[in-house]
Every structure is written in C-alpha cells, then in structure tokens.
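These are the residues of each chain, in order.
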Amino acid sequence: MVNSFFLDTNSLNYLIDNLLFDYSVNTLYLVLITSFFSLLLGIVPAWFISNYKFKFRRVIDLILYLPLAIPTYIMAFTYSELLSFTGPFKIKYDFLQIEVLGIILSFSLYPYIYSVSRISFSLFGSRYLEIAKNLGLNGFQTLFKIVLPLSRPAIFSGLFLVIMEVLNEYGAVKYFGVNTFTIGIFRSWNSMNDTGAAIQLSSILLFIVAFLFFIEKYFHQFKRFSFSKNSKINTLNFPRKRNLFMIYIVCLVPIILAFLIPIIFNIINVFSIFESVDLDRLFSLTFNSLSVSLTASSIILILSTYFLYNEKISKSRIYFYINQFISLGYSIPGAVVALAVIIYLTKIDEYFYSVNLIGSFIIYFIILIYAYIIRFLAVGKSPIKSSLEKQPESYDDSAKNLGLSNFKIFQKIYFPINKYSFFTALILVFIDIMKELPIILILRPFNFDTLATQTYEFAVEEMIPLSSIYSFMIIFICSILLIFLKNFLEKSDVFRS
Amino acid sequence: QIKNSNEVNIYSQRHYEVDKIQYKNFEKLTGIKVNVIKAGADELLERLINEGKNSPADLFVTVDAGKLQKGVGVGVFQKIDNNIINSNVSNDLKDLNGYWIPITYRARLLVYSNDRVSKSDLSTYEDLANPKWRNRLLVRSSSNAYNQALMSSLYANLGKKAAIDWSTNVVANFARDPKGNDRDQVKAIAAGQGDIAIVNSYYIGLLLSSEKQSEVDAGKAVSIFFPNQGNNERGTHINISGFAMTKNAPNKENAIKLLEYLTGIEAQSTYVNNGYEYPANPNVLPSKIVQSWGGFKRDTLDLNALGFFRNEAIKVFDQTGWK
Amino acid sequence: MYLEVKNLVKTYGDIPVIKNLSFSIEKGQLISFVGESGSGKSTFLKCLSGLESVNSGKVILNNKIINDNNLFVKPQRRKIGYVFQDYTLFPHLNVKKNICFNLEKKYFKNFKDLIKLTNLNHLLERYPHEISGGEQQRVSIARSIIREPDLLLLDEPFSNLDANIKYSIRDEICKIIKKTNTTTILVTHDINDVLNISDKILIFKAGIVQQYSDPEKMYCEPVNCYCAEVLGEINKFPKDNKIYYIRPENLRLVNSSSNSIIIEKCFFQGKSYKLLGKYENNIWSLYSKTPLKINSEVFFEYSDSDLIYFGDGCPKFFS
Amino acid sequence: MYLEVKNLVKTYGDIPVIKNLSFSIEKGQLISFVGESGSGKSTFLKCLSGLESVNSGKVILNNKIINDNNLFVKPQRRKIGYVFQDYTLFPHLNVKKNICFNLEKKYFKNFKDLIKLTNLNHLLERYPHEISGGEQQRVSIARSIIREPDLLLLDEPFSNLDANIKYSIRDEICKIIKKTNTTTILVTHDINDVLNISDKILIFKAGIVQQYSDPEKMYCEPVNCYCAEVLGEINKFPKDNKIYYIRPENLRLVNSSSNSIIIEKCFFQGKSYKLLGKYENNIWSLYSKTPLKINSEVFFEYSDSDLIYFGDGCPKFFS
Ligand SMILES: Nc1ncnc2c1ncn2[C@@H]1O[C@H](COP(=O)(O)OP(=O)(O)OP(=O)(O)O)[C@@H](O)[C@H]1O
Ligand SMILES: Nc1ncnc2c1ncn2[C@@H]1O[C@H](COP(=O)(O)OP(=O)(O)OP(=O)(O)O)[C@@H](O)[C@H]1O
Ligand SMILES: [Mg+2]
Ligand SMILES: [Mg+2]
C-alpha cells in the first residue's frame, strides 16, 4: 500500500488533468445536499422527541433509527423505480439526478445525526433551557442559540459519519451516474487497472478529510465545553394542539419517506417471490450475518469505549490524538481497507495461508472482523463521545476523591449515566455491519454468504424483487434488536427521558 | 500448503443462481466440493495478486474478457491445455494464448421503440453517431464494464480517431445524462424518454420473464436489433464469461474436471435454460426466448483486445464527456 | 400592588411544597424570603418566573395576570430577572457573551458599570469552567441585572462571595434597585443581609407564610418563636409559670444579681465573646466583651419590656 | 506536623494562582482558609486532593509525601474527604446510594447518625434533581464525613444552609472532628464560622499567605490591613500624622467628647444598629443600641490600646 503510493502512475496525472475538478465539484455538491437534508431530517425530529410527550412517541422514536438498516443502493433503486415510468405513478419526468440522489442518500444516512442528537438533547439537563427561557428565548431561538451550539460536537460527529458515507458511496452513486471521487477511485482501479492511482486518490481523500477534521478540532479545542452538573431531569412537555400537528408532520416525513415507502416496496416484492424463497438458506445467511455483526460490533463497542473513556478521564492529550487518528479509518473506502488488510496480513505471516479450509475459515473470519474494526470504530465512537462530553468533570473528580479506581469510575458512574449511548453505538455499528458490502465481499471465507452479500448479488444483476427478502431480513433483525435494547434501557433508566 | 483432493476453490465474479446449480450437480457427480468466494473481479484479482503463492484459489471466473486479460497481464494465471475442454467450446471464442476458457457469452445489442423507430433505420454501432438519433439515444454510464468493453472493441476495430469521433457524436445524441442500469434504459424507452438503447441481450430476457407486469410491458414495448450484421460488417460485439486457472492452483486436477464438466453439453444446457446467455459450446442451443431473437454474426475480434484497449477506451469516454 | 400572589399552591407529586401562599409587594420594594433549607423558596421563585407550573393560585404582576387557572404567560414573556441558586452559566459562551446573551441593544449601556461592580473586568474572555465559583456567581448576577427586569428574583446570590465583594455588590444592587425602582425578591440565609437591606421580610415555613412585615417589627415582635429564632438567637425564659423569650443582647451582665448562669462554652466572635450556658435546663446564649472561664458563674439583669411572650402554644408549635 | 505544604506553586497556563504556599497543620486541628473570591482557595484544595496537578512544591500528609516533583499519589489513594464547592452528586443514584457510594463496610455504622445530623431522613430515596440546593449540599457533606477521612476538605460547605441547620451541622461536625481527631481545612466566607470554630486561620491573597495564626491573635493583631478587614470591619484613624486603625466595637458612644462623627446611614441589624458616618474623609462604621437620625452628630471615645498600627506602607499595600 505504502509502496504503491510512490509509484509513478500515468493515469493519476491523467485523472487530475481531466476529471479531478469534475469529481470534486460533484462530490462537494452531493455532500452538501446530503448533509443539509440529513441535518434537517435528523435534528428536528430529535428535538421534538427529546422534549415533548405525545402519542406514539416511543414508536416514532424507534422507527426513526431504522432507515439506517436500508442500504443506500436499495433506497436508490426503490426511489428510481417509484419515480420511473414503470413505477406506480408512471412518472415520465426525469428528475434532477444529483439533487434527488442527495435527498435519497440522506434518507438512509440521517439516523447518524438523529441518534447523536437524541443523545445530546436528552442529556443536557433542563437547567440550560430554563435559563434560556428566563432570558427571553422562544423555542426556536433556544434551539439555535443554546441547543445546537451545545450539541455542536455531537452533531458534527454525526455529520462526519454522513459525509464519510457519501464520500464512500458507490452503488447508488454509480446507479445515478454521478461521478464522485469514489467513482474516480474505482475507475482508476477497476477500469484503468491502476491500483497506484486508486490508492493515491483515496489518500488525497483521506488527507482532505483529516485536514477538515483537524481544523474543526483546532477551533473546537478552545471551547471544550465543561457542562455543569446536570442532575436536573429534562422533563417532557405536552405540546399545544397547533404544535402537536407540526410535530407529527415533522416526525412522519422521515418515517414515511425513508422507512415506510421503502419497506412497503420491499414487502410487496417479498410477497411476489415468496414461494421461491429457500428458508434454510435464509436462516443460514441470517446466522452468518448475525455472527459477523455481533462479534464485530461488540468488539468495536469495547474499543471505542476504552479509547474515549481514557480521553475523558486522562488529562493528557495522547488519547485525544489517538481518537482522532482511529476515526480516520471511516474515511477510507471499504474496498481499500479490505485490500490493505490482506496485503498487510500476507506480509506479516505466511502461516495464515498454510492451513486447511477450516483453519482458513477462522483466519478469514478474524481478518474480516479486524477490517470492520478499522473501518467502523468511528461509527461506534460518535454516540459515545457525544454522551461522555456532556458529563461534567466534577463527576470523576468526586468519584476519584471517593477512592474509585478508573475502572470502577467507569463501571459505577459513566456506564450507568451513559448507558443509552453505549447501546446506541452498538446498534449503529451493528446495523452498519449488517448491511456492509465491499469488505465482506472481498474478505469473506469460502462459501460464506450473508444477507448483505445475497441482497447485493441480486441487486447488482438488476433482480431487486429476489433480493427483497434478504434486505427485509436485515431490517427485521435490526428492528428486533433495537426494540429489545430500547425496552431494556427504559426499564432501567430512572433519571432521564 | 495442504492439498485437499476433494475440493476446488473458485474466486467468482459471477453470482447467478445457475452457478449454484452447476456446482451442486458437479459435486453430486464427482464428490468434489466446490468452494466459492464471490466479489468484484478487480477485488478478487487484487486478492489473488496479494495472496501470491499462498492463494487457496484454483479458478477465477469473470463476466468480462477484459478482466481475464488483466489477470493474464499481471501473471496470476496458468495456461489450460485440455483436449476435452478445447473441443467443447467454439473456436472463435477461445483465448489465442490458452489462458482462459469461455463458458457463455452475451451480446451488447440495440433495442428500439416499437412505436417510434422502424427496424430499417438501424444498421451499425457506427450509425449511432448519426445526427438522426439526436436526443433519442439511451445508454448507461461509462463506469460500466459492458460499455467499456464495447468502446474497447470499437477502438480495436476502428482506431483511436474514429472511436473519439464516434463517442463525441453519440454523446451528442444522448436523450439524457447516463444513469440507471440496462433495464432502466429499456424502461426509459417505454416511458418515451428515448427511442433506442444499447443494452445487454440477457436483460431483455429478464424483463420479459419478470414477475412485474409493468416490466414485462416495458420489455414488450421494444424490439431487439443485432448491429453490424451486413455482409462486409464485422458482427455484433460480444463478451464472454470465462474461467482461468490460478498460477499456483492447489487443486489443479479438480479444477480441470470442473471445467470439463462446465463446458460439456449437460452443464451448457443448464446455463442456457436458467438464464439468457449464449452457450460457449456450439452444440448447445440457447433458450427459447433467446432463439426467438434470431441468430447473429459475432464480432470475431480477439477478446483480449477488450482488456488491451480498456485504458484507451476510458480516455475516450472522459475526453468526449460520456459520463 | 405591583406583585400580588394569591393562594398559590404547588406540590411535587404528592409532596406539598407550597400549601397556600398569598402576599403582595409594592413597586420598588425589596422583599426577603426566608425559610429553612428545603422549605420551598426556590420552588416559589420558579413558579413566579413560570419555570414550574403551579397547581392553583393567581400571580399578578404590574396589574397583569401572569398566572391563574386559565392563563399562563410563558416564561419568555415575563421579563423577570432570575439569579439561580446554582448560578449556571452557558458552557459554550465566555463571560462576556454569557452576560450579553440575548440582550437588547438598549441595555448594552449598563455593561461597563456592571462589570466594574462585579469586578469581572479581567475575566471577560474566559469560559465558565475557567473561573471560580464566586466569579461564576457574579457573572450570573450581572447577567440578570443588566436587562433591567420588571421583577428581580435572587436565589442565594451571594452564597459564594467573600464579605468585601459581597457588601459592595449587595449595596450596589440595592442602589440600582432603588434607582430603577425594581421590585426584588431575595432569598438568602444570611440574616445580616435580610435585616440590612430588605423593606419587608417574609418568613415561610411548612408551606405557609408565618410572618410578613418589616425588619424591626419582625425582630422585636415576632409572631411565633420560629420567626423569632430565624432572625437571631433567642433564649427561652420560664418565669411565673409562663414561657417568655428574650434576645441575648438584652441580657446585661452584672457583677451580682439574683439571676445567674454557669458558663459551658465560650467562643471568640471578634466583636465580642459568645457564651453558652444553662439556665433552668435551657441552653442560653449571651454576649460578653471579655472571655469568661468555663464553669464560672455569670450574673445578669434584664428589663421586663424585653421579654417576648407568644402564648403557651408556641414552644411546642415547632420543635 | 500532620499536614505540611511546602512551596506549593500552581498556575493555570500563564496565570499564577498560587505563587508560593507553605504552612503546616497539627493533627486534629481545624484550619480556616480565607481569601477573596477567585483567590485560589478551591484550586488549593484540588491540589491537596490530587485532582489538580501542582507546578512544584511538596505535600506531606501524616509523614508520607503525597506530592512532590517525583512522586504523585493518585487521588484515589489519598483518603481525603472533600466537600466540593458545587456539591456534585451522582445523578443516577438516590440520596442514600450517593452517601454510601463506594463505602467500606466498617463505615456503615456512621450512616444513621449522619442522616439524623443532616436531617435527610425523609429524602433517602430521592434523586439529586428532586431535592433542594441546601439538601444537596447536606448530602454532599454526609458523603465525605461518613468515611472518616484522614484529612477533610470543606469548600464552602454551608453556603446554602439556613442559620439553624447550619449551626447544628457545623457544631456537630466540629464535635465529630474533635472526637475522631480529623484534621480539617475549611474554606468559607462566613467570618462567624471562621472565628467560632477554627483553631487557626490562614489568610490568603495574591497567591501568598498573608497571615497564619489563631483567631484572637489574628483579630486583634492583624499583620496588615487586609487581614484586619477580612475578619471584621475596621476604621481608618489618622492621628498624629500616622495612620491607625480601630475596630468599631472599640469606639464607645458618649454624650459629648472631642471626637464626633456625622451619621450618614443607619441600618437595623437586630442586636444593634449599624451606623455609617464620615470621620476626616474616611467612612466609618459604628454600632449603637438605638437608631440615630441621619445627619445627627455622635460623639465617641476610645482607648489608645485599641489602636492598631501597621506602619506607613499598609494603607497603600492593598487598595
Ligand atoms: N423535582 C422535585 N421532585 C420532588 N420533590 C422536589 C423536587 N424539587 C424539590 N423538591 C422538594 O421540594 C422541597 C422544596 O425545594 P426547594 O428547592 O424549593 O427548597 P429551598 O427552599 O429552595 O431550599 P434550599 O434553601 O435548600 O435551596 C424540598 O424538600 C425538595 O426536596
Ligand atoms: N481552568 C482554569 N483556567 C484558568 N483559570 C482558572 C481555571 N480555574 C480557575 N481559574 C482562575 O483561578 C483563580 C482561582 O480560582 P479558584 O476556583 O481557586 O478560586 P476560589 O478562591 O475558590 O474562589 P471562589 O471563592 O470564588 O470560589 C480564579 O481567578 C479563576 O478565574
Ligand atoms: Mg433553594
Ligand atoms: Mg472556590
């Protein structure tokens, strides 16, 4: 990988001369559109759900996470089908490509923002809101002057995930014929047979992202918020009639567009092919998916917690830099991560390959998990970080003073207080890995299919209906896990909404 | 490396249901277990390259001769010289150097609106550059391997300048910016967004046999045309699905057995009856629907050219603004 | 009547905090609201400012109903200044921005004076976590006073300030209040503040008002022993089969008399020494210019007019 | 020497907070740490408890070095009780669990007494956000005292308590401290507390110790006018071309004398009235049993022995 970076590659020069500008403009535009709609769809419902009590609030809250379980390319196929001539509306109009794509991407990506916003909004106590009211701020002003600035790091970390997803998006982008940076990377790799150029392009991407990242942190570090002790519960209010209507509209828009429509589309497809479903295969794929996702997401949860907690309690900056560094894995396209892992591991130990099939199965399983850790640590960190940073330093000061070891402080203070975010992190990573594609395609052991790979194989052959049962299964499992964890949390959480 | 005589390991870009059936039948017949990893051709090649002599893979299968050529170029394959296989496949589909074995092929052809285009207006790929198709032509993006293969073949057959001119004019004829997959192009014709499209043959079959009435309707709204069929013309552009054997294949004999089986009459019939591809074995007929489109003359260009000229083809696309 | 509170009731779940509260304030007055820890003072201020809802009752500010059974004016609209007991500041804003947060243009003119008064000049660019507890409290005071509220609620505003700065801020605030004629409710535990600066004192206990009058009257004629105790030490004086009370400063130490106390403790208090001793089974406080030996006997005189009598019920009333 | 602090230096970035602090405490003593708001008192306690690192200096507790240039004993190991100025409680634990948090078995026996002392009996099941400011503060006090620390640090522990409960807790804590011989450092702004209960007083200003001695000495023989002012009001008395100081209680009001003051203000203070007036351009405080009219003239006497003289530098020393 490193070596190939220094290779002289003609096609890179060629790309830079001819296409880089186009790629960059397209990418930037797409990122802007997706970010805007993701923020809109994520923050506003999160604000209402975190502050108001209304009918179906819990169900709505649950469903708002779920669009994440729908792969972007499925979302893209669904909408292009719906909006096409052969769709139910027989639309002849050819929609703007990049704008529509941006909105569709935001349908599957806004949950990143929603989840961190939920954590952030429900964590800083009502005291800040009380003061804001007392100082004469109305609801909207409070949102913009208090809530958003206080949640800025949290929302930024969610936005970071969204941006990275857009940058790495391949399937949907290619389908929509929008030439982004990633298309460029794959073009130089797949079509121009120039791995060096591909790696250089993705390095450029990585550097840009890292740069943006550090810029943000640089400005941010002067403002490291130190929240006051937030023992005040943020009470839920009953909204007024007029507001209630608005709340339902705002919450239902993402639910209908990003969840109901694709899921109904999906279910119709499931029915149309139901007789031909091989249930045994469905179960074995489900089992494979679960084993990969659960293993990887648990490990990621533990690792991200470890690093973030250390950053929180140690006053040295080392963990801060470590954390910045390990988040960057998310900005590298999955395929590149996978290949890097292979190259790296084959160089380290040839023994890996000199074993029989079962041995190599285990080894590849481990490699797969390893690649997932590199790539998805950032996803796991985002919610945990936004929760941990809401805790005032006086908590660990008090705990230390009462004689607790660092581990105990975590176990007895930070874990119970931030529980919600740990489970959110687990869910996000789990869902992401359930639907993850390039890495599992390249790194999986022989004969190892998952729900995601099966969905993809049908989808890429333009046989969406056949893929529907598998993508439905992904959504189904994610929903079950989400419901289970949410119930568990709500039972045990006494002091916060 | 422990050789396991009961297995054969495949890195496959093909992920059709029919492959599963074939491998199962093979297992039943010989007791040799077929292990598969499915991913993109380039990713698999990269994996092969990096695994080097430790690779567990015996065979590599892809749907694009260009990728096979790429693999040959980086030296991860070994020649296959087996009489049974050689006699099973058509001569003009074979690799001249003997590195890879074709098993099926598909044509990249034209479809046209039954309502708005008459068959007599159509002739060759070259004719698509004709201004009469202005705002009527539909095709997917140049990132797609099938389009890249088509451009490579044009480049190989006509030369650089002609390829650029052609592409420039074709882009000018686009009814809309390239997007969607091949099926979407057909649907777009049905929707009236354009009148002709460049698509792969078997997608028409898939559309016509779809569970969805709307897709069947779209499929019925168009007809198929094989370009470049005239007497002095070179024939319709095709591309193959083909196997290559890895350089250090640990289960070489099993791999050969599998290839013998897959090119044989029985397996070839299975391919054509469970999909809409054309068989590599000349003694097997394509499926009924495919037969109904009629026979056609294949472009006899050395398929390795699809790999050799891939880079140039991309540059033509970029230079002429084919997104 | 500038502020009028009528029959205000507030419970937390089943726990009644304010059982029935009625009182009124004239424009420009400073009222001290005094009560035990946990008696519901902060709760009352929150109800006034609209941050807690009341169960029932009426609040009228400046002749406008701001809260009754049908009407609830939003806290944003009330223009009530509030210094919270925990003086929370916005963590993402520096001192200056915290003070000027959502401030109308016309009030910026107050900024300089207030900064000087609260002695925050060198801290304007710091963030809340970078300043001390007392400094945070001062920022919080400045933040609510700068916007010239119609009604000012101060919940223990000086608890973290040292005597010097406290007096200067306190007196300055008094001046500002008088000048701008701002009606103010002050919650404090410091009896010195209460007696010094308030126009009236409201003593609140067990959910109801115990006494509401001006400082001297309150001190000299408390309605019950609780009120008497709140404003200063008082000794229980059984005499003629009745129970009287007397303030320690009304006991004159003399060389000999028929009344005597055995000293049990002696504290240095600066201005004087405070003595604790037993008089007929009650612990008494006394003041003395000089220290006295423990177990020594002191003699005192008193004048009958200084005796306070609440009736027989009182000593048991609150124990 | 039980606790010894040597040459402690602490800066926040470039801002020096503690320039050089050295002092020592005997076992079982209660030291009051007095200084202006923002002078670095809390910072010092944090350094002692190991929650802030020091720039240089040495801390020795019970003959063991717990902090010097090479050694840093973790805060968890120090067994130092600390009541924080903002009395942070853990939000997810109820009052009882907060108090017994991480408590060794052997200390559970203290629980009942402490609950009674801090009057928290009815609140044990409540969560921190459901109790008042003063109640939170009491929980925080109970939490650190229950585990019988080697050294007890109290940072404004009574700031939100009303006089009654404050005195009872304060006196009770004193008793416990004396009984268990616990060394204690108390940070408070209440001079009454300081004079009443401390064995020694440390006055801290501008990053250095100004005076460190017992209350009476400190009150009667302050080393500079800052120390004099901290412990109580003092009047500047220019006489014979020198500047003397005198405490107001040492001025006797008489019917006529050569010294007179024109009264400018008169406050009711319960025990007495406080008068403010001008004496040769200096504002003076005086106490009087009776209220006096503004602008009336009062006469006073004093004895020369009550005059305090700091040398000429002092008046300008701190302005
Ligand atoms: N959210 C709540 N739920 C239940 N009880 C509460 C809640 N908030 C306060 N209380 C109780 O109501 C009573 C009054 O609380 P409040 O904060 O008004 O007291 P306070 O007079 O301000 O006391 P302090 O002087 O200690 O601040 C207290 O006993 C407290 O325990
Ligand atoms: N993190 C920090 N960064 C910079 N300066 C700080 C920081 N924390 C405190 N300070 C400053 O250090 C000085 C001492 O703070 P400290 O909290 O020790 O004061 P204090 O004596 O406890 O005051 P108070 O009586 O108001 O609580 C203050 O001027 C404060 O502004
Ligand atoms: Mg209160
Ligand atoms: Mg402090």
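Since this is a predicted model, take the numbers as computed values, not measurements. (Residues numbered from 1 in each chain as written. Chains lettered and ligands numbered in written order. Predicted model: local features only at pLDDT ≥ 70, side-chain atom pairs only at ≥ 80, totals over all residues. Heavy atoms only, no water.)

Secondary structure summary: chain C contains 9 helices and 18 strands in total. If one aligns the C-alpha atoms of chain C with their principal axes, the spans along those axes are about 70 × 50 × 35 Å. Here chain C, with 319 residues, has 59% of them falling under the buried criterion. Sequence-distant contacts in chain C: of pairs separated by 6 or more residues, those separated by 24 or more amount to 64%. For chain C, the accessible area works out to roughly 13,500 Å², and carbon and sulfur atoms hold 47% of it. (Helix = DSSP H or I, 4+ residues; strand = E, 2+ residues; numbered from the N terminus. Buried < 20%, exposed > 50% of the residue type's maximum accessible area, 1.4 Å probe, protein only. Contact = heavy atoms within 4.5 Å. Areas by Shrake-Rupley, 256 points an atom, 1.4 Å probe, with all protein chains shown as cover.)

The subject of this paragraph is the coordination of the magnesium ion (ligand 3). Residue and element names in this part refer to chain C. Protein coordination at the magnesium ion (ligand 3) comes from Ser42 (OG) and Gln85 (OE1), with a distance range of 1.8 to 2.2 Å. Placement of the pair is Ser42 in helix 1 (residues 41-49) and Gln85 in the loop between strand 6 (80-83) and helix 2 (95-99), with a sequence separation of 43 residues. Across the pair, exposure class does not vary: Ser42 and Gln85 are buried alike. (Donors = N, O, S within 2.8 Å, 3.2 Å for Na, K, Ca; no water.)

So, on to the interface of chain A and chain D. Tallying the contact residues gives 26 residues for chain A and 24 residues for chain D. Roughly 2,300 Å² of surface becomes buried between chain A and chain D when both sides are summed, with 62% attributable to carbon and sulfur atoms. For the interface between chain A and chain D, the tally reads 0 salt bridges. Connecting chain A to chain D are 7 residue pairs in polar contact (both at pLDDT 80 or more). Broken down by secondary-structure element, the contributors of at least two residues to the side of chain A that touches chain D are helix 17 (393-401) and helix 18 (406-435) of chain A. The class makeup of the residues in the side of chain A that touches chain D is 11 nonpolar, 7 polar and 8 charged. (Buried area = accessible area lost by both parts, 1.4 Å probe. Salt bridge = Lys/Arg side-chain N within 4 Å of Asp/Glu carboxyl O. Polar contact = N/O pair within 3.5 Å; in protein donor to acceptor, adjacent residues only side chain to side chain. Nonpolar A, V, L, I, M, F, W, Y, C, P; charged D, E, K, R; others polar.)

Okay, the sheet that holds strand 17 (residues 297-301) of chain C next. Residues and elements named next belong to chain C. Reading across the sheet, the 5 strands line up as 13-17-14-15-16 and stay open at both edges, with antiparallel pairing between neighbours. If you trace the sheet from one side to the other, it starts and ends with strand 13 (252-254) and strand 16 (282-288), each paired once. Pairwise comparison of adjacent strand axes, ignoring direction, gives a mean angle of 50° for this sheet. (Pairing = 2+ DSSP bridges. Axes fitted to C-alpha atoms, helices over the stretch in contact; angles between N-to-C directions.)

Around ligand 1, 22 residues are found, and the nearest of them are C:Lys41, C:Ser42, C:Thr43, D:Ser132 and D:Gly134. The environment of ligand 1 is shared, with nearby residues belonging to chains C and D. Between an oxygen atom of ligand 1 and a side-chain N or O atom of C:Ser42, the distance comes to 2.5 Å. For ligand 1, an oxygen atom lies 2.7 Å from a polar atom in the backbone of D:Gly134. For ligand 1, whose free accessible area comes to 640 Å², the fraction covered by protein is 89%. Secondary-structure elements contributing two or more residues to the shell around ligand 1 are helix 1 of chain C together with helix 4 (133-145) of chain D. The class makeup of the residues in the shell around ligand 1 is 4 nonpolar, 13 polar and 5 charged. (Near = heavy atom within 4 Å.)

Here we take up the site of ligand 2. Near ligand 2, the surroundings consist of 22 residues, among which C:Ser132, C:Gly134, D:Lys41, D:Ser42 and D:Thr43 are the closest. A distance of 2.8 Å separates an oxygen atom of ligand 2 from a polar backbone atom of D:Gly40. Taking D:Lys41, its main chain carries an N or O atom lying 2.7 Å from an oxygen atom of ligand 2. Starting from 640 Å² of accessible surface for ligand 2 in isolation, the protein chains cover 89%. Elements supplying a minimum of two residues to the shell around ligand 2: helix 4 (133-145) of chain C together with helix 1 (41-49) of chain D.

Let us now look at the packing of helix 7 (residues 182-191) of chain B against helix 9 (residues 213-220) of chain B. A packed helix pair is summarised by two numbers, namely the angle formed by the two axes and the spacing between the axes. Residues and elements named next belong to chain B. Two elements in contact, helix 7 and helix 9, have axes whose closest approach is 8 Å; the angle formed by their N-to-C orientations is 75°. Taken together, the axes of helix 7 and helix 9 lie roughly perpendicular to each other. Across from Arg183, Val186, Lys187 and Ala190 in helix 7, the residues of helix 9 making contact are Glu215, Ala218 and Gly219. The residue inventory of the contact of helix 7 with helix 9, partitioned by class, reads 3 nonpolar, 1 polar and 3 charged. (Parallel < 35°, antiparallel > 145°, perpendicular 65-115°, else oblique.)

Our next topic: helix 1 of chain C. Burial analysis of helix 1 of chain C places 9 of its 9 residues in the buried class, which makes it a mostly covered element. Within two residues after helix 1 of chain C, C:Gly50 carries a phi angle of roughly 85°, on the positive side.

Turning our eyes to something else, we now look at the pattern of salt bridges. Here the structure, examined in full by the defined rule, presents 55 salt bridges over all chains. A:Asp61 is the salt-bridge partner of A:Lys486, the closest N and O atoms lying 2.6 Å from each other. Placement of the pair is A:Lys486 in helix 21 (residues 464-492) and A:Asp61 in helix 4 (residues 57-65), with a sequence separation of 425 residues. Here A:Lys486 matches A:Asp61 in class, with each residue buried. Linked by salt bridges that have partners in common, A:Arg281, A:Arg444, A:Asp449, A:Glu457 and B:Lys38 make up one network.

Looking across the 4 pairs of chains in contact, one finds the most contacts between chains A and B. Regarding chain B and chain C, which are not in contact, the minimum distance between any of their C-alpha atoms is 46 Å. Spatially, chain B is disjoint from chain D: no contact exists, and the shortest C-alpha separation is 49 Å.

Let's shift gears to a positive patch on the surface. Taken together, the side chains of A:Arg240, A:Arg242, C:Lys74 and C:Arg77 make up a positively charged region of the molecular surface. Secondary-structure assignment places A:Arg240 in the loop between helix 11 (195-221) and helix 12 (241-273). (Patch = residues over 30% accessible without salt bridge, like charges linked within 9 Å, V, L, I, M, F, W, Y side chains within 5 Å. Lys, Arg positive; Asp, Glu negative; His and termini not counted. Charge placed at Lys NZ, Arg CZ, Asp CG, Glu CD.)

Moving on, we come to the environment of A:Tyr370. Residues and elements named next belong to chain A. Positionally, Tyr370 belongs in helix 16 (residues 357-388). For Tyr370 and Ile299, which are 71 residues apart along the polypeptide, the C-alpha to C-alpha distance reads 9.5 Å. Contacts of Tyr370, omitting those with residues within four sequence positions, involve Val341 and Tyr344.

Mapped onto the fold, D:Phe101 is located in the loop between helix 2 (95-99) and helix 3 (111-118). In this structure the C-alpha to C-alpha distance between D:Phe101 and D:Phe90, which are 11 residues apart in sequence, comes to 9.3 Å. Excluding residues within four positions of it along the chain, D:Phe101 makes contact with A:Leu402, A:Leu404, A:Lys412, A:Ile413, D:Phe90, D:Leu93 and D:Arg147.

Here we take up the confidence of the model for chain C. All names here are of chain C. In this model, chain C carries an average pLDDT of 86, and 97% of its residues clear a pLDDT of 70 or more. Helix 9 (residues 314-317) is the least confidently modelled element of chain C, averaging 52 in pLDDT, while strand 8 (residues 183-187) averages 93, the highest of any element. The complex prediction reports pTM at 0.87, with the ipTM value standing at 0.83. (pLDDT = per-residue confidence, 0-100.)

Here we take up the interface of chain A and chain B. By a widely used convention, the size of an interface equals the accessible area lost when the partners come together. With 56 residues of chain A at the interface, the matching set in chain B holds 61 residues. Between chain A and chain B the total buried area reaches about 5,200 Å² when both faces are included, carbon and sulfur atoms providing 49% of it. When the shortest N-O distance is used, the salt bridge between B:Lys38 and A:Glu457 registers 3.2 Å. Per-element tally for the side of chain A that touches chain B: the top contributor is helix 10 (residues 181-191) of chain A, with 6 residues. For the side of chain A that touches chain B, a count of residues per class yields 29 nonpolar, 15 polar and 12 charged.

With respect to the element layout, D:Glu156 can be found in the loop between strand 7 (151-155) and helix 5 (163-180). For D:Glu156, a relative accessible area of 3% puts it in the buried group. Taking the C-alpha atoms as reference points, D:Glu156 and D:Ser49, separated by 107 residues in sequence, lie 16 Å from one another. Residue contacts for D:Glu156: discarding those within four places in its chain leaves C:Ser159, C:Asn160, D:Gln85, D:Gln137, D:Val187, D:Thr188 and D:His189.

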